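Commentary on secondary and tertiary structure
Listed below, chain by chain, are the residues.
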Amino acid sequence: MTTISKIPVGASGRTASRTARGGSARPSRGTGGPLARLAGTVLVIGFVVPFLFALSTSLRSPEDVAEHPLALPFHPTLSNFSRAISAMQYPRSVLNTVVVTGGSCVLVVVLGAMAGYALGLTTLGWSRWAYRGFMLGMGVPLFVFVAPLYLLMRDLHLLGTTIGVILIYAAMNLPVAVFFYTSFVRTIPGELGEAAQLDGAGRLRTFFAIYLPLLGPVTATLLVFVTLMVWNDLMIPLIFLQDPDQRTLMVNAYSLLDERIVRPTDLFPAALLGMAPLFVLFVLFQRRMVEGMSGGGVKG
Amino acid sequence: MTAPRTQTRSRTLLPFTLPAVGLYALLMVYPLIKTIPLSLTDSEGGPTAENVGLANYRAMLDDATLLSALGNTLVFTVVVVLAQSAIGLALAAMLRRWGGYGKALAVVLLTPALLSSLMASYIWSSLYQQDGAINSVLNAIGLGSLRQVWLAEPSTALYAIAVVHVWMSAGLAASIFAAGFRTIPEDMLEAARLDGANRWQVFWKVEWPMLAPSLTVAITLSLLGCLRVLELPLVMAKGGPANATNTLGLQIYRTVFANGEVGYGTALSVLLLAVVTILVTAANALLRRREGRLL
Amino acid sequence: MRSKNIVALASAIVASSLALAACSGSTGDNAGGGPVTLKVIGWKGSPAESAYLKDINAAFEKSHPNVKIDYTYAQGNSYGQKLNAELLGGNAEDVFMAQPSDLPRWAKAGYLLNLSDQSWATDLAAPVKSLVSAGKKVVASPSELAGIGLYSNMKLLKAAGIDKAPTTWSEFVADQQALKKAGQPGLALPDKSGWTIYQAINASAASRVFAGKPNWNDDQAAGKATFVSEDGWKKAMQQFVDLGDKGFVDYKAQLGIDEWSQGTQDFAAGKSAFLLQGSWAMSDLAKNGNQVQFTPWPGGDDGGQQAALTAVGTTWTINAKTSHKAEAQEYLKFWSSADALTPYLTAESSLSPFTSVPTPKISGTETFNSTVTAGRFWVLPAGGWANEKGQTAMGQAVQGLLLGQSSIDKTLEAYDTAAKS
């Protein structure tokens with residue numbers, strides 16, 4: 001597989017040529033005009049305003065916030081953050097969360113891609129039922145069956161173990177993974193795989209050599225989805241882990257919350273710290289992700 | 001494709017599904033199978049329960065809050081799915097024209113998705129307050145008459161919560177569409193332009209049909225997220241005012257955990273499962289048929 | 001892309017996460033000898049709160065050197081989910097906190113140890129005892145009797161020429177009039193969770209229903225009384241409709257304010273002169289040097305006697321499956337003594353549920369506490385119509401009433417529907 005040709009998908013400018021027939025063959029490849037650009041930028045900036053608000057609140061003392069909820073941080077203080085970092089046992093819980101999220105992602109991708117590969121290539125009876133079975137799982141909120149799941153994990157001796165939590169996340173996210181991979185595999189021309197098999201490659205090799213690389217883009221989207229879900233989940237680590245040293249970021253962030261006394265200056269720093277590692281990861285892999293998501297792989 | 005070949009193929013492919021099916025069957029299907037019979041009992045979560053037949057399902061018919069919860073869930077879902085897809089598509093179409101600058105903005109767009117929905121609920125609750133940021137901004141730009149206690153007004157509360165959901169998920173929708181745009185072969189666009197199509201025509205005639213698979217993915221994921229929505233209405237408005245933001249997910253949550261009515265709560269979950277399955281299957285069938293027609 | 005690398009990477013990640021998981025797996029119990037570790041879980045003692053719970057546990061460990069307390073805090077919303085699963089799985093903590101509304105259900109499921117034979121059980125005030133019992137058996141030890149009443153900011157009242165907290169409804173209305181005239185902030189009934197106004201109506205009912213019919217709850221439970229047919233409830237609700245009509249309370253605004261975070265902060269910052277809240281909020285509301293009075297809700301008519309609304313807040317229960325029964329009973333016994341209760345009740349500004357343990361004196365709560373001591377109080381039936389389910393449904397119904405969507409009769413009918421279990 002060679003690199004996917006990256007044709008810059010430029011765009012026509014301000015709808016250049018209504019009269020273009022016979023005229024200039026190519027509409028101008030402008031940037032959408034300064035006005036459109038301004039409007040777009042303003043819109044996007046609107047998306048970060050709530051973060052700026054949370055950040056600004058986090059940088060102020062609790063008394064100051066109670067007095068003037070909307071004022072700017074004229075006397076910025078980091079004490080809210082340092083308090084949150086120690087209360088959340090930040091380094092430890094980041095590590096725990098990374099392990100849980102990473103493990104879940106790997107399992108979901110490997111198992112999901114294999115299943116999606118098979119289900120995408122065949123539509124015979126059993127596969128159709130398997131696919132439907134997976135789809136059904138997308139509609140069930142976890143808290144509905146948390147009790148029998150708890151009993152099951154107890155009997156499997158997986159309570160209080162990180163691996164148990166990873167397995168639960170993997171099972172919960174398999175439906176989405178199967179959905180993603182199956183639909184993607186269906187768009188890959190069957191001849192690709194058949195050609196490989198004619199060359200004597202087995203199923204397993206065809207999967208790894210031909211399909212897995214092609215699944216890169218859809219994997220990127222899936223990884224984003226699964227990472228966000230696992231990283232931000234509270235219920236599963238809370239119920240299935242017991243040792244305080246195993247707690248994830250969200251569990252520790254929520255233990256700062258007492259419903260009778262909800263203080264923005266406790267909560268917002270915890271929220272920002274909770275997403276900070278994700279943000280770093282995201283900025284680092286931003287190019288990979290955007291490029292990854294932008295498939296085009298089929299063109300080979 | 002000939003039948004025998006498909007069959008051998010099917011047989012050699014079967015092992016590939018086994019690990020996934022095994023894990024899924026063990027940790028999802030099995031607990032679910034253990035749960036659903038509870039809907040036929042008066043279980044309160046304890047080790048024993050009496051069989052009550054279909055009483056829980058009959059009770060749904062008399063449950064006035066349930067009907068409004070169903071309505072709220074559907075309104076919320078329609079609003080969010082439409083808004084999120086439209087905004088996601090528009091942003092994806094816009095940002096891809098701007099090269100590196102667009103990519104930088106795309107990062108910004110995705111940041112709300114990084115936040116947990118519980119935390120987002122608390123931040124937005126502050127923004128929506130009577131003397132919160134949103135009303136202050138409206139006042140400052142001379143639109144003071146539009147000021148509202150957004151989460152306390154029955155006619156705006158559900159939509160105010162929908163805005164937060166869209167805020168969190170529009171970036172993801174945009175990235176799904178952005179991926180879709182990349183799969184459109186440049187020569188098709190070029191050909192359309194050579195035929196003299198303007199930008200709108202290129203979009204409607206070439207890009208929009210080619211985006212059909214992306215639309216399927218975006219709408220399916222969005223549907224799943226919306227129909228089960230729980231945290232946002234729970235934290236932001238506690239299902240109120242006067243049940244205006246009570247959703248099916250929230251109703252189940254309360255029935256099971258606050259009231260301890262596990263039997264009835266499970267029956268409600270079966271209803272939710274049916275609603276999700278029907279809507280997602282129907283949407284998927286329609287969208288897939290559309291893909292088949294367009295591609 | 002090279003698939004081999006991906007596979008190698010994937011297996012490396014799986015392997016390392018497995019290794020880490022193995023490392024962080026739970027360690028087994030210590031075998032024999034040594035002190036016993038008693039596992040305790042509750043929703044009190046969050047890191048945001050002061051450390052009184054830690055101190056109480058430390059005091060217990062000091063007087064019981066053979067027992068170590070391993071206390072877990074779980075945040076309110078998630079507490080029930082965690083504990084329900086653990087109880088069903090048979091591996092819940094030895095001692096756990098419970099709300100009175102959970103007790104009947106958990107007792108029925110056989111989760112709770114019978115505590116009727118404990119020495120403190122005979123020391124319980126009568127109305128409290130029925131709330132911590134299932135059938136004839138005492139199944140929980142209450143750690144507080146919380147008051148729900150009116151907080152007044154005396155500085156703001158003084159600015160409007162008022163020098164004492166109101167004791168009757170007509171005084172209360174006159175005070176609001178005076179505050180409005182003086183340009184001072186008035187009554188806040190923040191009601192985003194549907195909690196405050198629901199409780200305010202209950203607090204008015206303390207004077208209007210229960211003062212005259214002390215057995216009303218039992219009658220209601222037995223199907224001999226309904227909300228819609230009780231005039232006192234209608235009058236209590238009418239009071240609040242009137243406050244809106246007179247322009248003293250803007251309900252649309254109040255329904256958007258969160259009781260727990262914003263409402264208390266606003267009061268502490270001097271943005272409201274009156275607030276309905278629980279006694280536990282005292283330490284938060286009295287900061288900033290505020291002069292705060294906590295009194296029974298002035299729901300009654302002139303000439304009538306004020307009655308106070310109280311609720312059993314947190315209770316302790318013992319897991320029926322515990323293997324440290326004696327130690328757990330010692331722990332609960334400690335919680336019924338002044339050694340544990342005085343610091344706890346002081347932190348929570350709550351009343352003592354035991355006749356032999358005095359309520360600590362806290363400045364500003366004298367009137368409320370003397371009303372309770374005089375026996376003029378009524379305990380919210382958290383195991384009956386005032387359980388979580390009822391509270392949610394009734395709170396939402398009241399919001400509908402105050403938004404003008406419904407009538408008092410319709411609201412009380414909704415109460416009756418919600419109270420039928």
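What you see is a predicted model, and the numbers here were worked out from it, not measured in a lab.

For chain A, the count of helices and strands is 14 helices and 0 strands. Evaluated residue by residue, chain A yields a buried proportion of 52% over its 300 residues. Considering only contacts in chain A between residues 6 or more positions apart, those separated by 24 or more positions represent 72%.

On to the overall build of chain B, then. Looking only at helices and strands, chain B has 13 helices and 0 strands in total. Beginning at the N terminus, the succession of helices and strands in chain B can be written as α-α-α-α-α-α-α-α-α-α-α-α-α. Viewed in the frame of its principal axes, chain B has a C-alpha envelope of about 75 × 75 × 30 Å. A buried classification covers 53% of the 295 residues belonging to chain B. A separation threshold of at least 6 residues defines the contact pool for chain B, and within that pool the share at least 24 residues apart is 71%.

Before going further, it helps to examine the interface of chain A and chain B. Listed per partner, the contact involves 87 residues of chain A and 79 residues of chain B. For the side of chain A that touches chain B, a count of residues per class yields 60 nonpolar, 21 polar and 6 charged.

What follows deals with the UniProt feature "transmembrane region" (unreviewed entry) in chain A. Residues and elements named next belong to chain A. Those residues carrying the UniProt feature "transmembrane region" (unreviewed entry) are residues 35–55, 98–121, 133–152, 158–185, 206–231 and 267–285 in this numbering. Across residues 35–55, helical content stands at 100% and strand content at 0%; the span's end C-alpha atoms are separated by 30 Å. In this annotation, residues 267–285 is assigned 95% helix and 0% strand; the end-to-end C-alpha distance for the span is 28 Å.

Before going further, it helps to spend a moment on the sheet that holds strand β2 (residues 67–73) of chain C. All names here are of chain C. Reading across the sheet, the 5 strands line up as β2-β1-β3-β12-β6 and stay open at both edges, with mixed pairing between neighbours. The sheet is open, and its two borders are formed by β2 and β6 (141–142), each paired with just one other strand. As defined by bridge partners, strand β1 (residues 36–42) adjoins strand β3 (residues 95–98) across 2 bridges and the pair is classed as parallel. Bridge pairing links V40 to V95 in β3. Lying over the sheet, helix α14 (residues 325–335) contacts β1, β2, β3, β6 and β12 (315–318), oriented at roughly 165 degrees with respect to β12.

A few words now on the interface of chain C and chain B. The interface of chain C with chain B comprises 24 residues on the first partner and 24 residues on the second. The greatest single-element share of the side of chain C that touches chain B, amounting to 6 residues, is contributed by helix α17 (residues 388–402) of chain C. Considered class by class, the residues forming the side of chain C that touches chain B number 5 nonpolar, 12 polar and 7 charged.

Moving on, we come to the packing of helix α7 (residues 154–182) of chain B against helix α10 (residues 212–227) of chain B. Angle between the axes and distance between the axes are the two parameters that describe a pair of packed helices. All names here are of chain B. Viewed as axis vectors pointing N to C, α7 and α10 meet at an angle of 160 degrees, and their least axial separation amounts to 9 Å. The angle between α7 and α10 falls in the class roughly antiparallel. α10 is crossed by α7, and the crossing has right-handed handedness. Along the contact surface, α7 presents H165, S169, A173, I176, F177, A179 and G180, while α10 presents P213, S214, V217, A218, S222, G225 and C226. Per-class residue counts for the contact of α7 with α10 are 8 nonpolar, 6 polar and no charged.

Moving on: helix α6 (residues 146–155) of chain A. Looking at α6 of chain A, one finds that the buried residues are V146, A147, L149, Y150, L152 and M153 of chain A. Just past α6 of chain A, the residue H157 of chain A takes up positive phi, approximately 60 degrees.

Another aspect to go through is the confidence of the model for chain B. For chain B, the mean per-residue pLDDT works out to 88, and 97% of the residues sit at or above 70. This complex was scored by the predictor with a pTM of 0.86 and an ipTM of 0.84.

Residue and element names in this part refer to chain C. With 12 residues, helix α2 (residues 52–63) extends 17 Å from end C-alpha to end C-alpha; this agrees with the ideal 16 Å at 1.5 Å per step. Taken residue by residue, α2 has L53, I56, N57 and F60 as its buried positions. In an axial view of α2, the angular spread of the buried residues amounts to 95 degrees, which keeps them on one side of the axis. More than 90 degrees from the buried face of α2, the exposed residues found are A58 and K62. In this structure, the buried side of α2 is in contact with β2, α14 and α15 (338–348).

Conventions used here
- Residue numbers restart at each chain and count upward from 1, following the sequence in its written direction.
- Here the convention is simple: chains get letters from A, ligands get numbers from 1, in the order in which they are written.
- Local features in a predicted model are, by the rule used here, given only for residues with pLDDT of at least 70; side-chain atom pairs are given and counted only at 80 or more, and totals for whole chains, interfaces and linings are based on all residues.
- Secondary structure counts use DSSP, requiring at least four H or I residues in a row for a helix and at least two E residues in a row for a strand, with both numbered from the N terminus.
- The exposure label follows from counting other C-beta atoms within 10 Å of a residue's C-beta, where the C-beta atoms are placed from the backbone and the thresholds are 20 or more for buried and 12 or fewer for exposed, leaving partly exposed in between.
- Here the contact rule is simple: place C-beta atoms from the backbone, and any two residues whose C-beta atoms are within 7 Å are in contact.
- Polar here means any residue other than Ala, Val, Leu, Ile, Met, Phe, Trp, Tyr, Cys and Pro, which are nonpolar, and Asp, Glu, Lys and Arg, which are charged; Gly is therefore polar.
- UniProt positions are given in the numbering used here, feature names are shortened, and annotations may be inferred rather than shown by experiment.
- For two strands to count as paired, DSSP must find a minimum of two bridges between them.
- For helices, the axis comes from a line fit to the C-alpha atoms of the stretch in contact; other axes are also lines fit to C-alpha atoms, and the angle between any two N-to-C directions lies between 0 and 180 degrees.
- Put simply, angles under 35 degrees are roughly parallel, angles over 145 are roughly antiparallel, angles from 65 to 115 are roughly perpendicular, and the rest are oblique.
- By the definition used in this description, the sense in which the near helix is turned from the far one sets the handedness, with an anticlockwise turn below a right angle giving left-handed and a clockwise turn giving right-handed.
- Known as pLDDT, the predictor's confidence for each residue is given on a scale from 0 to 100.
- A helix is expected to span 1.5 Å for every residue after the first.
- Each C-beta atom gives one direction from the helix axis, and the arc is the one those directions make.

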